Amino acid sequence: MIVSLILSSSFLRAEEGMIIPSLVQAFQSDMQAKGMKLSAEDIYSVNNSSMKDAVLHFNGGCTAEIVSDQGLILTNHHCGYYQIQQHSSLENDYLKYGFWAMDKSKELPNEGLFVTRIVRIEDVTKAVLQGTEGLKYVPQVEAKIKENAGKLIEEIKNTTHYEAQIKAFDFGNSYYMLVQEKFTDVRLVGAPPSFIGKFGGDTDNWVWPRHTGDFSVFRVYAGKDNKPAPYSAENVPYKPLHHFPVNITNREEGEFTMVYGFPGMTEQHVTSEYLKYVMEKDRPVRIEMREKSLEVIDAAMKASDKTRIQYASKQSRIANAYKKWIGQIDGLRRLNAQQIKKDRETEYTDRANANPEWKNKYGTVVKALIDLFKVYEEYEMADAVIIEYVFYGPEFLRLARSVESIADNYSKWSENGEWEERKGAIVASIQKHFKDYDVQVDQAIFDRISPVAKKHLKEEFHPLSFKEKSTEDLSAQIYGKSMLVNEEKLVGFIESMSAKSMKKLEKDPGYLLYRDLWDVRAGQLAQNLQTYQGELDLMMKVYVAGKLEMFPEKNHWADANSTLRVTYGQLEGSAPRDGMLYTHYTTVDGMIEKYYSGNEDFDLDDRMMQLYNEKEYGQYAQDGELWVCFSGSNHTTGGNSGSPALNAEGHLIGINFDRTWESTMSDFMFDTSRCRNIMVDMRYVLWVMDIYAGAGHLVEEMTLIK
Ligand code: ASP
């Protein structure tokens, strides 16, 4: 139904929307009119191999694409960053100098890393909702949905080596099953040095003009039968159903582009009231809290190489969204987004009220949503503060969570005899944690962020420790005594764990603070937020159903939810502000310009300078220039990081990795004239591998279109 609604729309704008690939047929003619030379069947097919088979979900958060018949994959440098960091040390500083496996035996395994391929996407709305019609209460409906979905998933598991997932789309107006094949032997093959892979650092993140070579290279391994298998030296490179040819011919402004990947989350349907809260409360508080952590980490990383390696990945995790939110608020303000939302809400209710049936179904939902949020806003805010504090503040709070779950399971494990076996792995993971931990950095974070957390938490939500002690006293106690900030003490505690020793944990000041925070979150907050969420889900389902039904002339698309999507647009720049024109591409020349700015985020090495001075661009230049990045009007979000950027023929021309500053608001509201995604040009990627790094054997593995 949704598809035909979309087709009848004369306002269809190619740029907004993230299409479910199994529905791409409905867009085929529009895509072809805009230059695409492929058919829907080339993009997504269940019976034949198609492009979807070469698009992988990378570790559940990013996207990667297959570029050779030997399972070679590309993703972003920032997506492989944790793995690169884990293999790095002061002696082998792959973060700083890069890493290239010169043959397959040198490729590095990565514990815990996985990629998934989508086998098929099935609309299972009917089957999932079966038997829910007569049910009155939400928990009954939820239980029935869960039961129905469970059966479908079980069936896939029992009859194939695949896994399945069922996800709600449009707030439960439809459900799709994603059948997928999960590979767990994924090895690191190559990474450029950070001055290429992270060129521009935080200064340039979310910014155009951009010159980041944001790519890293991995390889998927499978068992001898080409099926997923746990890591083994016996495994062989995976033979894919499809791999993307890489196009190194000239690019043209305005040419068709398509991005195929796993966008994580968009929130196009939030109300004006909620958007106001995001812009005026939630984001500003989170920004202020992250600023505190970042002030400490950034300074410590600058002062010591050891800390730089230890905190590289953690710093990015905090800094990325931090900076995005600043741009987001600015963009939403400039767009006058709250007013646009209000106008749309008025239009929605007016349209509903003009028709008795719609009035009955949709007439009051906008007001109800707004009133509902006003009741629960304070809980949402408190929850946000605790989440920021625990997950992006001092690390001992996160460690406390792991230790809590070990303590909770201890008696079970010691009774069934598993404890001795598990103990070794637990100690190893604690050692791994402390390898990247600096207690002074952590304490400094605690000292700065705690007063801010305290300030933003309404007093009724203060954890007991905050009520009893000043944050200065807490700091002295925790960092003086807690086992959670001391490797030796914690390992000793685990090694001699017994039913009795739990008392020690319960008295630990660090653990106590975590427990107090969690008591607030799991108690007062969770009770209220669960009720809120239940009611919100119901109302949102109705609200979105109303949009679909009452606004057939509008372009409808289901919010991103970490499932595979296609989005298309053009290779183009933008004019995001008065007097400002963004060209559609950047070149190595721009890197040199930035280098001379003196900012250390723009550092280059001698080899790069030499290759630049000699204009040694090999077969990768266009009219004498080496393109680094280009931008396009493809609607993307986080999770699209690493996605293949494809041309009209389905050839790989770039790797998506970011959006421009003026686009960061697109998770709430997309603006076709301003929103642009940023891709690193495949010709630059190959140039780095081949000419800069001398890893031409990887390029030889690929299918080049010259
Ligand atoms: N650079 C982004 C990210 O890391 C990708 C995007 O949101 O466009 O999430």
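Residues numbered from 1 in each chain as written. Predicted model: local features only at pLDDT ≥ 70, side-chain atom pairs only at ≥ 80, totals over all residues. Heavy atoms only, no water.

Under an unreviewed UniProt entry, the name given to the chain is Dipeptidyl-peptidase, and the source organism is Wandonia haliotis. UniProt annotates the chain under Function (unreviewed entry) with the comment "Catalyzes the removal of dipeptides from the N-terminus of oligopeptides." (UniProt positions renumbered as here; feature names shortened; annotations may be inferred.)

Trainee: Any chance you could explain the overall build of the chain here in plain terms?
Mentor: The helix and strand tally for the chain stands at 26 helices and 21 strands. Its C-alpha atoms give the chain a radius of gyration of 26 Å, within 12% of the compact-globule value 27 Å for 706 residues. Judged by the C-alpha coordinates and their principal axes, the chain covers about 75 × 70 × 60 Å. The buried share of the chain, taken over its 706 residues, is 59%. Across the chain, every contact between residues at least 6 apart in sequence was considered, and the portion connecting residues at least 24 apart equals 78%. Working note: accessible area of the chain is about 29,300 Å², and carbon and sulfur atoms make up 50% of it. Taking the average location of the 82 positive side-chain charges in the chain and that of its 103 negative ones, the two points are 4 Å from each other. (Helix = DSSP H or I, 4+ residues; strand = E, 2+ residues; numbered from the N terminus. Rg over C-alpha atoms; globule rule 2.2 N^0.38 Å. Buried < 20%, exposed > 50% of the residue type's maximum accessible area, 1.4 Å probe, protein only. Contact = heavy atoms within 4.5 Å. Areas by Shrake-Rupley, 256 points an atom, 1.4 Å probe, with all protein chains shown as cover. Lys, Arg positive; Asp, Glu negative; His and termini not counted. Charge placed at Lys NZ, Arg CZ, Asp CG, Glu CD.)

Trainee: I'm lost on the site of the ligand in this one. Help?
Mentor: Close to the ligand lie His 78, Trp 206, Asn 320, Thr 637, Gly 638, Ser 641, Phe 657, Asp 658 and Arg 659, which account for all nearby residues. In the environment of the ligand, an oxygen atom lies 3.3 Å from a nitrogen or oxygen atom belonging to the side chain of His 78. Within the contact set of the ligand, an oxygen atom lies 3.0 Å away from a backbone nitrogen or oxygen of Gly 638. With three residues, the single largest contributor to the shell around the ligand is strand E19 (residues 652–659). (Near = heavy atom within 4 Å. Polar contact = N/O pair within 3.5 Å; in protein donor to acceptor, adjacent residues only side chain to side chain.)

Trainee: In this structure, what is going on with the packing of helix H14 (residues 365–392) against helix H22 (residues 509–550)? I would like to understand it.
Mentor: The geometry of a pair of packed helices is captured by two quantities: the angle between their axes and the separation between those axes. Look at H14 against H22: their axes get within 9 Å of each other, and the N-to-C directions meet at 150°. Relative to H22, the element H14 is oriented roughly antiparallel. Considering the relative orientation of H14 and H22, their crossing is left-handed. Residues belonging to the contact of H14 with H22 are distributed by class as follows: 26 nonpolar, two polar and four charged. (Axes fitted to C-alpha atoms, helices over the stretch in contact; angles between N-to-C directions. Parallel < 35°, antiparallel > 145°, perpendicular 65-115°, else oblique. Left-handed = near helix turned anticlockwise from the far one by under 90°. Nonpolar A, V, L, I, M, F, W, Y, C, P; charged D, E, K, R; others polar.)

Trainee: How do you make sense of empty space enclosed by the protein when you look at a structure like this?
Mentor: To find leftover empty space, a probe the size of one water molecule is rolled over the atoms. For the coordinates displayed, the defined rule picks out two cavities of 30 Å³ or more. In this structure, the largest cavity spans a volume of roughly 50 Å³. Contributing to the lining of the largest cavity are Ile 297, Tyr 311, Lys 314, Ile 318, Tyr 392, Gly 393, Glu 395, Arg 398 and Ile 445. Partitioned by chemical class, the residues of the lining of the largest cavity number five nonpolar, one polar and three charged. Estimates place the volume of the second largest cavity at around 40 Å³. Considered class by class, the residues forming the lining of the second largest cavity number two nonpolar, six polar and two charged. (1 Å grid on protein atoms, 1.4 Å probe; cavity = no way out; pocket = protein on both sides within 12 Å on 5 of 7 lines; lining within 4 Å. Points joined across faces, edges and corners; volume = space filled by probe spheres on them.)

Trainee: How should the side chain of Gln 315 be read in this particular structure?
Mentor: Inspection of the secondary structure assignment puts Gln 315 in helix H11 (residues 305–335). Reaching out from Gln 315, the side chain makes a polar contact with the side chain of Asp 202 at a distance of 2.8 Å. Contacts of Gln 315, omitting those with residues within four sequence positions, involve Asp 202, Leu 294, Ile 297, Asp 298 and Met 301.

Trainee: Would you explain the nonpolar core in this entry?
Mentor: A general trend in soluble globular proteins is that nonpolar side chains are found buried together. Judged by nonpolar contacts, the single largest core of 204 residues is most densely connected at Met 258, Tyr 684, Trp 687 and Met 689. Met 258 has contacts with Met 31, Met 36, Ile 43, Met 51, Val 566, Thr 567, Tyr 568, Asn 634, Pro 644, Ala 645 and Leu 646, leaving out every residue within four places of it along the chain. In terms of nonpolar packing, the next biggest core, distinct from the first, is built from 13 residues, Val 128, Leu 129, Ala 149 and Val 179 among them. (Core = buried A, V, L, I, M, F, W, Y, C linked by side-chain atoms within 4.5 Å.)

Trainee: In this structure, what is going on with the confidence of the model for the chain? I would like to understand it.
Mentor: Note: predicted coordinates in regions of low pLDDT should not be interpreted at a detailed level. Scored by pLDDT, the chain has a mean of 95; 98% of the residues are at 70 or more. Model confidence for the chain, summarised as mean pLDDT per element, is weakest for helix H1 (residues 2–7) at 40 and strongest for strand E2 (residues 62–66) at 99. Counting interchain partners and residues more than four positions distant, the pLDDT-below-50 stretch residues 1–14 has 25 contacts. (pLDDT = per-residue confidence, 0-100.)

Trainee: Just checking my understanding: could you explain the pattern of salt bridges for this structure?
Mentor: If the charged atoms of two oppositely charged side chains come close together, the side chains can form a pair. What the rule picks out here adds up to 47 salt bridges. As a salt-bridge pair, Lys 314 and Glu 395 come within 2.9 Å of each other at their nearest N and O atoms. In this pair, Lys 314 is assigned in helix H11 and Glu 395 in the loop between H14 and helix H15 (396–415), connecting sequence segments 81 residues apart. For Glu 395, a relative accessible area of 8% corresponds to the buried category. Bridged by salt links that share partners, the residues Asp 282, Arg 283, Arg 286, Arg 290 and Glu 388 form one connected network. (Salt bridge = Lys/Arg side-chain N within 4 Å of Asp/Glu carboxyl O.)

Trainee: Teacher, can you tell me more about the packing of aromatic side chains here?
Mentor: One pair of aromatic rings is described through two measures. These are the centre distance and the angle between the planes. Following the criterion strictly, the structure yields 32 aromatic pairs and no others. Seen from their ring centres, Tyr 514 and Trp 518 are 5.6 Å apart, and the 25° between their planes marks the pair as stacked. Of this pair, Tyr 514 and Trp 518 are both found in helix H22, four residues apart, which corresponds to roughly one turn of the helix. The same class applies to Tyr 514 and to Trp 518, which are both buried. Residue placement shows Lys 615 over the ring face of Tyr 612; its charged tip is 3.8 Å from the ring centre. The ring of Trp 627 carries the charged tip of Arg 683 above its face, separated from the ring centre by 4.9 Å. (Phe/Tyr/Trp six-rings, centres within 6.5 Å; stacked < 30°, edge-to-face > 60°. Lys NZ or Arg CZ within 6 Å of the ring centre and 35° of its normal.)

Trainee: Just to check I follow, could you spell out helix H25 (residues 682–692) for this structure?
Mentor: The periodicity of an α-helix, 3.6 residues per turn, causes residues three or four places apart in sequence to face the same way. Extensive coverage of H25 is indicated by the burial of ten of its eleven residues. Here H25 has its buried residues at Met 682, Arg 683, Tyr 684, Val 685, Leu 686, Trp 687, Val 688, Met 689, Ile 691 and Tyr 692. Where H25 begins, the capping side chain belongs to Asp 681, and its oxygen is found 2.7 Å from the backbone nitrogen of Arg 683.

Trainee: Even after reading the chapter, I still don't get the environment of Val 566, so can you show me in this structure?
Mentor: Within the secondary structure, Val 566 sits in strand E13 (residues 565–570). Take Val 566: its relative accessible area is 0%, and that puts it in the buried class. Spatially, the C-alpha atoms of Val 566 and His 456 are 40 Å apart, while their sequence positions differ by 110 residues. Apart from the residues within four sequence positions on either side, Val 566 is in contact with Gly 17, Met 18, Ile 19, Pro 21, Met 31, Ile 43, Met 258, Val 259 and Tyr 260.

Trainee: Help me understand the packing of helix H10 (residues 272–303) against H14, please; the structure alone is not making it clear to me.
Mentor: Between H10 and H14, the least distance of the axes is 10 Å, while the angle of their chain directions is 15°. For the element pair H10 / H14, the angle class is roughly parallel. The handedness of the crossing between H10 and H14 comes out as right-handed. Residues Ser 272, Glu 273, Tyr 274, Tyr 277, Lys 281, Asp 282, Val 285, Arg 286, Met 289, Arg 290 and Ser 293 of H10 pack against Ile 370, Phe 373, Lys 374, Glu 377, Glu 380, Met 381, Ala 384, Val 385, Glu 388, Tyr 389 and Tyr 392 of H14. Among the residues making up the contact of H10 with H14, the classes are represented as eleven nonpolar, two polar and nine charged.

Trainee: Before we go on, may I ask you to explain the layout of surface pockets in this structure?
Mentor: The calculated volume of the second largest pocket comes to roughly 950 Å³. Mapped by element, the contributors of at least two residues to the lining of the second largest pocket are helix H5 (94–97), helix H8 (194–197), helix H9 (201–204), H10 and H11. Among the elements that make up the lining of the second largest pocket, the one with the highest residue count is H11 (five residues). Taken together, the residues of the lining of the second largest pocket break down into ten nonpolar, six polar and eleven charged.

Trainee: How should I be thinking about the pairing of strand E7 (residues 174–183) in this particular structure?
Mentor: For a regular strand, side chains alternate in direction, first toward one face of the sheet and then toward the other. With nine of its ten residues buried, E7 lies for the most part within the structure. As paired strands, strand E5 (residues 115–123) and E7 are joined by eight bridges and run antiparallel to one another. The partner of Asp 123 across the bridge, within E7, is Tyr 176. By the bridge criterion, seven bridges tie strand E6 (residues 163–169) to E7 in an arrangement that is antiparallel. (Pairing = 2+ DSSP bridges.)

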